[in-house]
Amino acid sequence: MIQYFNSPEPLELERGGNIEKLTIAYHTYGSLAADGSNVVWVCHALTANSDVSDWWPHTVEPGRFLDHEKYFVVCANILGSHYGTTGPLSESPSGEPYYADFPLVTIRDIVNAHRRLASYLGINHIHALVGSSVGGFQALEWIAEEPERFDKLILIATDAKASPWTIAIDETQRMAIMADSSYGEPRPDAGMAGLAAARAIGLLTYRGGEGYNLSQTDPEGNVPSPGTQRPCTYQRHQGEKLCRRFNAYSYVSILNSFDTHDIGRGRGGVEQALGRIKAETIVIGISTDIIFTPTEMHALCRKIPGAQYAEIESAFGHDGFLIEHNQLNRILIPFMNNLKRL
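As the structure is a computational prediction, the values presented were derived from the model and not from experiment.

Calculation notes
- Residues numbered from 1 in each chain as written.
- Predicted model: local features only at pLDDT ≥ 70, side-chain atom pairs only at ≥ 80, totals over all residues.
- Heavy atoms only, no water.
- Helix = DSSP H or I, 4+ residues; strand = E, 2+ residues; numbered from the N terminus.
- Buried < 20%, exposed > 50% of the residue type's maximum accessible area, 1.4 Å probe, protein only.
- Polar contact = N/O pair within 3.5 Å; in protein donor to acceptor, adjacent residues only side chain to side chain.
- Contact = heavy atoms within 4.5 Å.
- Pairing = 2+ DSSP bridges.
- Axes fitted to C-alpha atoms, helices over the stretch in contact; angles between N-to-C directions.
- Expected span 1.5 Å × (residues − 1).
- Arc of directions from axis to C-beta.
- Phe/Tyr/Trp six-rings, centres within 6.5 Å; stacked < 30°, edge-to-face > 60°.

Trainee: It is not clear to me how the side chain of T106 should be interpreted in this structure. Could you clarify?
Mentor: Along the chain, T106 turns up in the loop between strand 6 (72-76) and helix 2 (107-120). The buried category is assigned to T106, whose relative accessible area is 3%. There is a polar contact of 2.7 Å between the side chain of T106 and the side chain of E14. Once residues lying within four places of it in the same chain are set aside, the contact partners of T106 are E14, R15, T260 and R265.

Trainee: Where do I start with the sheet that holds strand 5 (residues 39-43) in this structure?
Mentor: The strands that make up a sheet pair up through hydrogen bonds in the backbone, lying either parallel or antiparallel. Taken together, eight strands build an open sheet; the order of strands is 1-4-6-5-7-8-9-10 and the sheet is mixed. Each of the sheet's edge strands pairs with one partner strand only, and the pair in question is strand 1 (3-6) and strand 10 (308-312). Direction aside, neighbouring strands of the sheet carry axes that sit 20 degrees apart on average. Pairing of strand 9 (residues 280-286) with strand 10 involves five bridges; the strand directions are parallel.

Trainee: So what exactly am I meant to see when it comes to helix 4 (residues 164-178) here?
Mentor: Residues separated by three or four positions in an α-helix point in the same direction, a consequence of the helix having 3.6 residues per turn. Along its 15 residues, helix 4 runs 20 Å from first to last C-alpha, staying within 8% of the 21 Å computed at 1.5 Å per residue. Among all positions of helix 4, only T166, I169, D170, Q173, R174, A176 and I177 are buried. One side of helix 4 holds all its buried residues, which, seen down the axis, span an arc of 160 degrees. Away from its buried face, by an angle of more than 90 degrees, helix 4 presents the exposed residues P164 and M175. Those residues of helix 4 that are buried are in contact with helix 5 (192-215) and helix 7 (248-259).

Trainee: Sorry if this is basic, but what is going on with the packing of aromatic side chains here?
Mentor: Throughout the structure, instances matching the rule amount to 14 aromatic pairs. Their ring planes at 10 degrees and their centres at 5.3 Å tell us that W55 and W56 sit as a pair that is stacked. Across this residue pair, the class does not change: W55 and W56 are buried. When the centroid spacing of 6.1 Å and the interplanar angle of 85 degrees are considered together, the rings of W56 and F321 count as edge-to-face. In this pair, W56 sits in the loop between helix 1 (52-55) and strand 6 while F321 sits in helix 10 (residues 320-323), placing the two residues 265 residues apart along the sequence. Of the two residues, W56 and F321, both sit in the buried class. Every member of this aromatic cluster is reached through a ring pair, and the members are W55, W56, F65 and F321.

Trainee: What's the story with the environment of A307 in this structure? I'm lost.
Mentor: With respect to the helices, strands and loops of the structure, A307 is situated in the loop between helix 9 (294-303) and strand 10. Sequence-wise, A307 and L153 are 154 residues apart; in three dimensions their C-alpha atoms are separated by 9.2 Å. The contacts of A307, once residues within four sequence positions are left out, are T281 and C301.

All we've got here are geometric facts, nothing functional implied.
Encoded structure:
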(Lines give C-alpha, C1' and ligand atoms only; values in the text may rest on other atoms or scores of the structure.)
Protein backbone atom coordinates (compact mmCIF):
# COMPACT_ATOMS: atom_id res chain seq x y z
CA MET A 1 0.00 0.00 0.00
CA ILE A 2 1.29 3.46 -0.85
CA GLN A 3 2.41 5.61 2.08
CA TYR A 4 3.37 9.29 2.31
CA PHE A 5 5.98 11.24 4.21
CA ASN A 6 5.43 14.99 4.54
CA SER A 7 8.73 16.60 5.44
CA PRO A 8 8.55 19.26 8.14
CA GLU A 9 11.43 21.16 6.50
CA PRO A 10 11.95 22.47 2.94
CA LEU A 11 14.36 20.57 0.72
CA GLU A 12 17.27 22.76 -0.37
CA LEU A 13 18.19 22.15 -4.02
CA GLU A 14 21.68 21.78 -5.46
CA ARG A 15 21.09 24.42 -8.13
CA GLY A 16 19.62 26.88 -5.62
CA GLY A 17 16.17 27.46 -4.22
CA ASN A 18 14.11 24.84 -2.45
CA ILE A 19 10.97 22.77 -2.45
CA GLU A 20 8.94 24.21 0.39
CA LYS A 21 6.40 21.41 0.70
CA LEU A 22 8.11 18.07 0.22
CA THR A 23 5.94 14.97 0.06
CA ILE A 24 7.49 11.58 -0.68
CA ALA A 25 5.36 8.62 -1.73
CA TYR A 26 6.81 5.23 -0.90
CA HIS A 27 6.11 1.51 -0.53
CA THR A 28 7.52 -1.00 1.92
CA TYR A 29 7.34 -4.80 1.85
CA GLY A 30 8.07 -7.15 4.71
CA SER A 31 9.12 -6.25 8.24
CA LEU A 32 12.11 -4.35 9.57
CA ALA A 33 14.34 -6.58 11.70
CA ALA A 34 14.79 -5.53 15.33
CA ASP A 35 18.45 -4.71 14.66
CA GLY A 36 17.64 -2.95 11.37
CA SER A 37 19.93 -5.28 9.42
CA ASN A 38 17.59 -6.43 6.63
CA VAL A 39 16.82 -3.26 4.64
CA VAL A 40 16.93 -3.46 0.85
CA TRP A 41 16.38 -0.09 -0.84
CA VAL A 42 15.27 -0.11 -4.48
CA CYS A 43 15.72 3.02 -6.61
CA HIS A 44 13.26 3.08 -9.52
CA ALA A 45 13.72 4.17 -13.13
CA LEU A 46 12.19 6.85 -15.37
CA THR A 47 8.39 6.43 -15.35
CA ALA A 48 8.09 3.72 -12.69
CA ASN A 49 6.46 4.25 -9.30
CA SER A 50 7.31 3.19 -5.76
CA ASP A 51 5.40 -0.10 -6.05
CA VAL A 52 8.24 -2.39 -7.08
CA SER A 53 5.98 -5.43 -7.30
CA ASP A 54 3.92 -3.57 -9.91
CA TRP A 55 6.69 -2.75 -12.41
CA TRP A 56 9.31 -5.44 -11.66
CA PRO A 57 7.55 -8.81 -11.97
CA HIS A 58 8.67 -11.84 -9.98
CA THR A 59 11.25 -10.02 -7.85
CA VAL A 60 9.35 -9.05 -4.67
CA GLU A 61 8.26 -12.58 -3.89
CA PRO A 62 9.31 -15.33 -1.47
CA GLY A 63 12.37 -17.09 -2.82
CA ARG A 64 13.26 -14.20 -5.17
CA PHE A 65 16.10 -11.75 -4.73
CA LEU A 66 13.78 -9.15 -3.11
CA ASP A 67 12.24 -11.75 -0.80
CA HIS A 68 9.91 -9.77 1.47
CA GLU A 69 9.80 -12.63 3.98
CA LYS A 70 13.51 -12.08 4.56
CA TYR A 71 14.09 -8.41 3.75
CA PHE A 72 12.45 -5.08 4.48
CA VAL A 73 12.19 -3.70 0.96
CA VAL A 74 11.74 0.06 0.50
CA CYS A 75 11.18 2.09 -2.65
CA ALA A 76 10.55 5.85 -2.79
CA ASN A 77 8.93 7.63 -5.71
CA ILE A 78 11.37 10.20 -7.08
CA LEU A 79 11.09 13.98 -7.09
CA GLY A 80 9.34 15.27 -10.20
CA SER A 81 7.41 12.06 -10.80
CA HIS A 82 3.67 11.60 -11.27
CA TYR A 83 3.09 9.08 -8.51
CA GLY A 84 2.73 10.97 -5.26
CA THR A 85 6.08 12.63 -4.60
CA THR A 86 6.28 16.41 -5.09
CA GLY A 87 6.42 17.19 -8.80
CA PRO A 88 5.15 19.55 -11.51
CA LEU A 89 1.47 18.95 -10.73
CA SER A 90 1.99 19.63 -7.00
CA GLU A 91 0.99 22.90 -5.38
CA SER A 92 3.65 25.58 -5.70
CA PRO A 93 4.19 28.45 -3.23
CA SER A 94 1.74 30.47 -5.34
CA GLY A 95 -1.03 28.03 -4.47
CA GLU A 96 -1.26 26.78 -8.07
CA PRO A 97 0.45 23.72 -9.60
CA TYR A 98 4.04 24.25 -10.73
CA TYR A 99 3.57 22.83 -14.24
CA ALA A 100 6.53 24.05 -16.35
CA ASP A 101 7.86 26.14 -13.45
CA PHE A 102 8.85 23.11 -11.39
CA PRO A 103 12.49 23.69 -10.42
CA LEU A 104 15.38 21.69 -11.81
CA VAL A 105 16.14 18.87 -9.41
CA THR A 106 19.35 16.93 -9.79
CA ILE A 107 19.99 13.27 -9.08
CA ARG A 108 21.74 14.50 -5.93
CA ASP A 109 18.53 16.27 -4.85
CA ILE A 110 16.55 13.07 -5.45
CA VAL A 111 18.99 11.17 -3.25
CA ASN A 112 18.78 13.81 -0.53
CA ALA A 113 15.03 13.23 -0.49
CA HIS A 114 15.67 9.47 -0.14
CA ARG A 115 18.02 10.16 2.77
CA ARG A 116 15.37 12.26 4.48
CA LEU A 117 12.82 9.45 4.11
CA ALA A 118 15.31 6.90 5.47
CA SER A 119 15.81 9.04 8.57
CA TYR A 120 12.04 9.32 9.02
CA LEU A 121 11.72 5.53 8.79
CA GLY A 122 14.48 5.04 11.37
CA ILE A 123 16.76 3.35 8.83
CA ASN A 124 20.43 3.93 9.54
CA HIS A 125 22.10 1.04 7.77
CA ILE A 126 21.05 -0.49 4.45
CA HIS A 127 21.95 -4.08 3.65
CA ALA A 128 21.55 -3.76 -0.13
CA LEU A 129 21.03 -0.82 -2.46
CA VAL A 130 19.51 -1.71 -5.83
CA GLY A 131 19.28 0.51 -8.90
CA SER A 132 18.62 -0.07 -12.59
CA SER A 133 18.82 2.57 -15.31
CA VAL A 134 18.02 5.98 -13.73
CA GLY A 135 17.61 4.06 -10.47
CA GLY A 136 21.27 3.12 -10.80
CA PHE A 137 22.13 6.82 -11.09
CA GLN A 138 20.46 7.35 -7.71
CA ALA A 139 22.16 4.32 -6.17
CA LEU A 140 25.61 5.45 -7.29
CA GLU A 141 25.05 9.01 -6.10
CA TRP A 142 23.88 7.79 -2.70
CA ILE A 143 26.69 5.34 -2.11
CA ALA A 144 29.30 7.87 -3.25
CA GLU A 145 27.96 10.25 -0.60
CA GLU A 146 27.60 7.67 2.20
CA PRO A 147 29.82 4.68 1.39
CA GLU A 148 29.71 3.33 4.96
CA ARG A 149 25.94 3.00 4.98
CA PHE A 150 25.65 0.00 2.65
CA ASP A 151 26.74 -3.66 2.68
CA LYS A 152 25.86 -4.53 -0.93
CA LEU A 153 25.32 -2.62 -4.15
CA ILE A 154 23.43 -3.92 -7.19
CA LEU A 155 23.78 -1.89 -10.39
CA ILE A 156 21.84 -2.90 -13.49
CA ALA A 157 22.17 -1.19 -16.90
CA THR A 158 23.38 2.17 -15.63
CA ASP A 159 26.46 4.39 -15.37
CA ALA A 160 28.30 6.80 -13.10
CA LYS A 161 27.68 9.79 -15.37
CA ALA A 162 25.16 10.70 -18.05
CA SER A 163 26.95 10.21 -21.37
CA PRO A 164 26.59 12.40 -24.47
CA TRP A 165 24.65 9.54 -26.09
CA THR A 166 22.10 9.28 -23.27
CA ILE A 167 21.74 13.07 -23.05
CA ALA A 168 21.11 13.17 -26.82
CA ILE A 169 18.34 10.58 -26.41
CA ASP A 170 16.76 12.75 -23.72
CA GLU A 171 17.06 15.93 -25.78
CA THR A 172 15.36 14.25 -28.75
CA GLN A 173 12.44 13.33 -26.51
CA ARG A 174 12.28 16.85 -25.07
CA MET A 175 12.23 18.25 -28.61
CA ALA A 176 9.23 16.04 -29.39
CA ILE A 177 7.34 17.25 -26.31
CA MET A 178 8.15 20.90 -26.88
CA ALA A 179 7.08 20.67 -30.52
CA ASP A 180 3.57 20.16 -29.15
CA SER A 181 2.19 23.70 -29.05
CA SER A 182 0.11 22.95 -25.96
CA TYR A 183 3.19 22.22 -23.85
CA GLY A 184 3.61 25.03 -21.34
CA GLU A 185 -0.09 25.64 -20.90
CA PRO A 186 -1.12 25.51 -17.22
CA ARG A 187 -3.12 22.29 -17.36
CA PRO A 188 -2.24 18.68 -16.53
CA ASP A 189 -2.99 17.33 -20.02
CA ALA A 190 -0.75 19.81 -21.85
CA GLY A 191 1.82 18.37 -24.24
CA MET A 192 0.21 14.96 -24.50
CA ALA A 193 0.77 14.53 -28.25
CA GLY A 194 4.41 15.42 -27.69
CA LEU A 195 4.63 13.02 -24.76
CA ALA A 196 3.29 10.18 -26.93
CA ALA A 197 5.92 10.93 -29.57
CA ALA A 198 8.66 11.14 -26.95
CA ARG A 199 7.68 7.75 -25.56
CA ALA A 200 7.79 6.23 -29.03
CA ILE A 201 11.30 7.62 -29.50
CA GLY A 202 12.38 6.31 -26.13
CA LEU A 203 11.08 2.83 -26.87
CA LEU A 204 13.37 2.54 -29.87
CA THR A 205 16.34 2.86 -27.51
CA TYR A 206 14.85 0.68 -24.77
CA ARG A 207 14.25 -2.28 -27.08
CA GLY A 208 16.61 -1.86 -30.05
CA GLY A 209 16.35 -3.48 -33.46
CA GLU A 210 16.62 -7.08 -32.34
CA GLY A 211 13.74 -6.75 -29.91
CA TYR A 212 11.49 -5.04 -32.45
CA ASN A 213 12.31 -7.50 -35.21
CA LEU A 214 11.55 -10.39 -32.89
CA SER A 215 8.26 -9.10 -31.50
CA GLN A 216 6.76 -6.70 -34.04
CA THR A 217 7.08 -8.47 -37.39
CA ASP A 218 3.91 -8.59 -39.48
CA PRO A 219 2.84 -11.86 -41.09
CA GLU A 220 3.40 -12.12 -44.81
CA GLY A 221 0.48 -10.95 -46.87
CA ASN A 222 -0.80 -8.05 -48.90
CA VAL A 223 0.92 -4.70 -49.28
CA PRO A 224 -0.03 -2.86 -46.05
CA SER A 225 -1.66 0.52 -45.86
CA PRO A 226 0.60 3.19 -44.32
CA GLY A 227 0.47 3.19 -40.54
CA THR A 228 -1.30 -0.16 -40.20
CA GLN A 229 1.76 -2.34 -39.75
CA ARG A 230 2.35 -3.87 -36.36
CA PRO A 231 5.37 -1.66 -35.50
CA CYS A 232 3.28 1.44 -36.30
CA THR A 233 0.32 0.47 -34.15
CA TYR A 234 2.68 -0.63 -31.37
CA GLN A 235 4.40 2.77 -31.27
CA ARG A 236 1.09 4.61 -31.14
CA HIS A 237 -0.30 2.26 -28.50
CA GLN A 238 2.71 2.71 -26.24
CA GLY A 239 2.56 6.49 -26.58
CA GLU A 240 -1.14 6.55 -25.74
CA LYS A 241 -0.59 4.13 -22.86
CA LEU A 242 1.96 6.43 -21.20
CA CYS A 243 -0.32 9.44 -21.69
CA ARG A 244 -3.02 7.65 -19.67
CA ARG A 245 -0.73 7.33 -16.65
CA PHE A 246 1.81 10.17 -16.80
CA ASN A 247 2.16 13.84 -17.74
CA ALA A 248 4.53 15.75 -20.00
CA TYR A 249 5.79 18.07 -17.26
CA SER A 250 6.94 15.17 -15.09
CA TYR A 251 8.54 13.46 -18.07
CA VAL A 252 10.58 16.55 -18.92
CA SER A 253 11.49 17.06 -15.26
CA ILE A 254 12.92 13.55 -14.95
CA LEU A 255 14.78 13.79 -18.26
CA ASN A 256 16.34 17.02 -16.99
CA SER A 257 17.34 15.31 -13.74
CA PHE A 258 18.83 12.40 -15.71
CA ASP A 259 21.12 14.77 -17.58
CA THR A 260 22.59 16.22 -14.35
CA HIS A 261 24.00 12.86 -13.29
CA ASP A 262 27.71 12.88 -12.49
CA ILE A 263 28.85 11.27 -9.25
CA GLY A 264 32.29 12.79 -9.77
CA ARG A 265 30.98 16.35 -9.41
CA GLY A 266 32.63 17.84 -6.33
CA ARG A 267 34.31 14.52 -5.51
CA GLY A 268 37.46 14.71 -7.62
CA GLY A 269 36.00 13.01 -10.69
CA VAL A 270 34.17 9.79 -11.45
CA GLU A 271 37.02 7.38 -10.79
CA GLN A 272 37.79 8.89 -7.40
CA ALA A 273 34.10 8.84 -6.46
CA LEU A 274 33.75 5.18 -7.50
CA GLY A 275 36.87 4.36 -5.54
CA ARG A 276 35.01 5.39 -2.36
CA ILE A 277 32.61 2.44 -2.67
CA LYS A 278 33.15 -0.12 0.07
CA ALA A 279 30.07 -2.28 -0.48
CA GLU A 280 30.22 -5.69 -2.11
CA THR A 281 29.13 -4.78 -5.64
CA ILE A 282 27.71 -6.53 -8.65
CA VAL A 283 27.33 -4.78 -12.01
CA ILE A 284 24.88 -6.34 -14.46
CA GLY A 285 24.83 -5.54 -18.16
CA ILE A 286 22.37 -6.64 -20.83
CA SER A 287 23.74 -8.21 -23.99
CA THR A 288 21.73 -6.07 -26.45
CA ASP A 289 21.41 -2.84 -24.45
CA ILE A 290 22.18 0.15 -26.69
CA ILE A 291 21.69 2.76 -23.94
CA PHE A 292 24.20 1.35 -21.45
CA THR A 293 26.19 -1.10 -23.53
CA PRO A 294 27.97 -4.17 -22.12
CA THR A 295 31.29 -2.47 -22.93
CA GLU A 296 30.30 0.49 -20.76
CA MET A 297 29.07 -1.79 -18.00
CA HIS A 298 32.38 -3.67 -17.96
CA ALA A 299 34.19 -0.33 -17.71
CA LEU A 300 32.00 0.73 -14.78
CA CYS A 301 32.67 -2.57 -13.03
CA ARG A 302 36.45 -2.21 -13.37
CA LYS A 303 36.36 1.16 -11.59
CA ILE A 304 34.55 -0.13 -8.49
CA PRO A 305 36.85 -1.85 -5.98
CA GLY A 306 36.24 -5.61 -5.92
CA ALA A 307 33.11 -5.48 -8.09
CA GLN A 308 31.95 -8.51 -10.05
CA TYR A 309 30.26 -8.49 -13.44
CA ALA A 310 27.34 -10.49 -14.78
CA GLU A 311 25.34 -10.23 -17.98
CA ILE A 312 21.73 -10.91 -18.92
CA GLU A 313 21.27 -12.47 -22.34
CA SER A 314 18.22 -10.89 -23.90
CA ALA A 315 16.87 -9.85 -27.28
CA PHE A 316 14.95 -7.01 -25.63
CA GLY A 317 17.72 -4.49 -25.06
CA HIS A 318 17.61 -2.18 -22.06
CA ASP A 319 14.15 -3.47 -21.13
CA GLY A 320 15.72 -6.87 -20.55
CA PHE A 321 16.06 -6.12 -16.84
CA LEU A 322 12.26 -5.89 -16.62
CA ILE A 323 11.63 -8.98 -18.74
CA GLU A 324 14.34 -11.53 -17.92
CA HIS A 325 13.42 -12.00 -14.27
CA ASN A 326 14.49 -15.65 -14.19
CA GLN A 327 18.03 -14.74 -15.23
CA LEU A 328 18.06 -11.82 -12.84
CA ASN A 329 17.03 -13.98 -9.90
CA ARG A 330 19.61 -16.65 -10.80
CA ILE A 331 22.30 -13.98 -10.70
CA LEU A 332 21.15 -12.05 -7.64
CA ILE A 333 19.83 -14.65 -5.19
CA PRO A 334 23.34 -16.10 -4.64
CA PHE A 335 24.77 -12.57 -4.43
CA MET A 336 22.24 -11.59 -1.77
CA ASN A 337 22.88 -14.84 0.11
CA ASN A 338 26.70 -14.60 -0.10
CA LEU A 339 26.91 -17.70 -2.27
CA LYS A 340 29.02 -18.21 -5.38
CA ARG A 341 27.06 -16.89 -8.36
CA LEU A 342 25.71 -19.59 -10.69
